[in-house]
Amino acid sequence: HADADHNRCVLTCVGDPGALVEGLAAGIAAVAGEVDVVLFVRFRPDDPEPERAARALAGRIGALGVPAIGYGELGGGLRPAAFRGGGPEGLQALIDAGSVAPLSGPATLHPTAGAVLLGVRLPLIAFNVELRTGDVAVARAIAAALRERDGGQRGVQALGLLLAGSGRAQVSMNLIDPAGAPLHVV
């Protein structure tokens, strides 16, 4: 899925954990600097394979001289946004302060590839609502009312933004606890 409005491309790979690690490691080596987040989804809470695969991939990323930084289950439950504030300089400051330590690789961001955030988590639902307005303030107010951190629904992360392609406002949500915040309730 490529999305110019969100400035991202999301690739989903399904397969044997060992083959996934090999394929992802080769891909990351080929395009170092273009990969910022790699996620392994744990479909069964007691399945150890996603974490094993993620840690194996961390070693391969670190061997490229790129820090592999854990998030989700590999990073104390933190989400990628926790590492993005302040850009690369902000992430390096977190590493320098000792509040973030790479799972593998150097404690200094690679000069061109930066770092790769590597996570393991249960599935989530990404749900976006495009509004019939270009007023981003409306989308931000809705997002604030919905998201957990502002007193909204448990397990909901949301933000309001303007879609440059359509000129419309969007409420972009991640339901990180679909059982606690079912889509029909949100």
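Residues numbered from 1 in each chain as written. Predicted model: local features only at pLDDT ≥ 70, side-chain atom pairs only at ≥ 80, totals over all residues. Heavy atoms only, no water.

A.B. asks: Give me the lowdown on the sheet that holds strand β5 (residues 116-121), citing residues and values where you can.
C.D. replies: One key point about sheets: their strands pair by backbone hydrogen bonds, in either a parallel or an antiparallel sense. If you walk across this open sheet you meet the three strands as β3-β5-β4, and the pairing is parallel. Where the open sheet ends on each side, the last strands, each with one partner, are β3 (37-41) and β4 (68-72). Strand-to-strand, the axes of this sheet are offset by a mean angle of 25°, without reference to chain direction. One ladder, built from five bridges, connects β3 with β5; its direction is parallel. Within β5, the residue paired with Val38 across the bridge is Leu118. Sheet strands touched by helix α2 (residues 49-63): β3, β4 and β5. Its angle to β5, the strand with the most contacts, is close to 170°. (Pairing = 2+ DSSP bridges. Helix = DSSP H or I, 4+ residues; strand = E, 2+ residues; numbered from the N terminus. Axes fitted to C-alpha atoms, helices over the stretch in contact; angles between N-to-C directions. Contact = heavy atoms within 4.5 Å.)

A.B. asks: Tell me about the state of the cysteines, and please be specific about residues and values.
C.D. replies: By the definition in use, this model includes zero disulfides. Just so you know, Cys9 is unpaired, no disulfide at all, and the nearest cysteine sulfur is the one on Cys13, 11 Å from it. Residue Cys9 is classed as exposed on the basis of its relative accessible area, which comes to 52%. (Disulfide = S-S within 2.5 Å. Buried < 20%, exposed > 50% of the residue type's maximum accessible area, 1.4 Å probe, protein only.)

A.B. asks: Describe in detail the nonpolar core, supporting the description with residues and values.
C.D. replies: For soluble globular proteins, the rule of thumb is that nonpolar side chains tend to be buried together. In terms of nonpolar packing, the biggest core is built from 18 residues, with Val38, Phe40, Leu57, Ile61 and Leu118 touching the most fellow members. For this core, the element with the highest residue contribution is α2, accounting for five residues. In contact with Phe40, other than residues within four places in its own chain, are Leu24, Pro50, Ala53, Ala54, Leu57, Leu118, Gly119, Val120 and Arg121. Grouped together as the second largest cluster of nonpolar side chains are 11 residues, Ala143, Val156, Met173 and Ala181 included. (Core = buried A, V, L, I, M, F, W, Y, C linked by side-chain atoms within 4.5 Å.)

A.B. asks: Describe in detail the packing of helix α1 (residues 17-30) against α2, supporting the description with residues and values.
C.D. replies: Look at α1 against α2: their axes get within 9 Å of each other, and the N-to-C directions meet at 30°. The orientation of α1 with respect to α2, classified from their angle, is roughly parallel. Like other packed secondary-structure pairs, α1 and α2 cross with a definite hand, here right-handed. Facing α1, whose interface residues are Pro17, Val21, Glu22, Leu24, Ala25 and Ile28, α2 presents Glu49, Ala53, Ala56, Leu57, Arg60 and Ile61. Taken together, the residues of the contact of α1 with α2 break down into nine nonpolar, no polar and three charged. (Parallel < 35°, antiparallel > 145°, perpendicular 65-115°, else oblique. Left-handed = near helix turned anticlockwise from the far one by under 90°. Nonpolar A, V, L, I, M, F, W, Y, C, P; charged D, E, K, R; others polar.)

A.B. asks: Can you tell me about the pairing of β5, naming the residues and giving the values?
C.D. replies: Within β5, six of the six residues are buried, which leaves the element mostly enclosed by the surrounding structure. The alternating pattern of β5 places Val116, Leu118 and Val120 and Leu117, Gly119 and Arg121 on opposite faces, both of which are buried. Direction of pairing for β4 relative to β5: parallel, over a ladder of five bridges. Looking at the pairing, Ala68 lines up with Val116 of β5.

A.B. asks: Pulling in residues and values, what's your account of α1?
C.D. replies: Along its 14 residues, α1 runs 20 Å from first to last C-alpha, staying within 8% of the 20 Å computed at 1.5 Å per residue. Along α1, the residues classified as buried are Leu20, Val21, Ala25 and Ile28. Along α1, the residues classed as buried sweep out an arc of 125° about the axis, all on the same side. Along its buried surface, α1 packs onto β3 and α2. Two to three positions downstream of the cap, the backbone nitrogen of Gly18 sits 3.0 Å from a side-chain oxygen, assigning the N-cap of α1 to Asp16. (Expected span 1.5 Å × (residues − 1). Arc of directions from axis to C-beta. Polar contact = N/O pair within 3.5 Å; in protein donor to acceptor, adjacent residues only side chain to side chain.)

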